[in-house]
Amino acid sequence: TWALLSPALGASEVVFVVADAAGVVLDVHGNAALVAEAAARGTAAGYDWSESASGTNALGTGAVLGHPIIVHSTEHYCATGKVWDCAAAPVRRLSDGALLGLVDITSMGGLSDHHS
């Protein structure tokens, strides 16, 4: 899947984040400079963005609410998130609707609510 998305993500102003059902980051892809910036601000594999650990943020709050959410820069609880606009959506198992994880698009340049 990353091979298909890499050309578009590398040329974009966003990073694509995959997290487990609790909001712990599993993988981050996208523009290399933004991936590095995200890692410097606590968004890399292993970082806990659950709402209990990091307060309001798209991954953690999306996991708690169970539906897509957009969290704009100043709405983040953690100071490290305040430069990002983030849109996350749950990924569910088709057979029973169980939450498997979340996907997230994060941008420093702002996100269009409609597009995200």
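Let me begin by describing the structure that accompanies this report.

Conventions used here
Each chain carries its own residue numbering, running from 1 in the written order of its sequence. Confidence filtering applies because this is a predicted model: local features only for residues at pLDDT of at least 70, side-chain atom pairs given and counted only at 80 or more, and all residues used for totals across whole chains, interfaces and linings. The basis for the side-chain values is all heavy atoms of the structure; hydrogens and waters are excluded. Pairing between two strands is assigned when DSSP locates at least 2 bridges connecting them. Here a strand is any run of E in DSSP of at least two residues, a helix any run of H or I of at least four, and the numbering for each starts at the N terminus. For each residue, the accessible area found with a 1.4 Å probe, counting protein chains only, is set against the maximum for its type, and the residue is called buried under 20%, exposed over 50%, and partly exposed in between. Here, two residues are considered to be in contact whenever any of their heavy atoms come within 4.5 Å of each other. In the analysis that follows, any N or O atom pair within 3.5 Å is treated as a polar contact, provided that within protein one partner can donate a hydrogen and the other can accept it, and provided that, for residues neighboring in sequence, both atoms belong to side chains.

### Observations regarding the pairing of strand β4 (residues 85-92)
The pairing of strand β3 (residues 69-71) with β4 spans three bridges and is antiparallel. In the strand pairing of β4, I70 is matched with A87. Looking at chain direction, β4 and strand β5 (residues 99-107) are connected through eight bridges and run antiparallel. Each residue of the ladder has a partner; that of R92, found in β5, is L99.

### Things to note about helix α4 (residues 58-65)
Extensive coverage of α4 is indicated by the burial of six of its eight residues. Those residues of α4 hidden inside the fold are in contact with β1 (14-20), β2 (25-30), α3 (51-54), β3, β4 and β5. One side-chain oxygen of the residue at the start of α4 lies 3.1 Å from the amide nitrogen of L59, identifying that residue as N57. Positive phi appears at G66, one or two residues downstream of α4, with a value of about 80 degrees.

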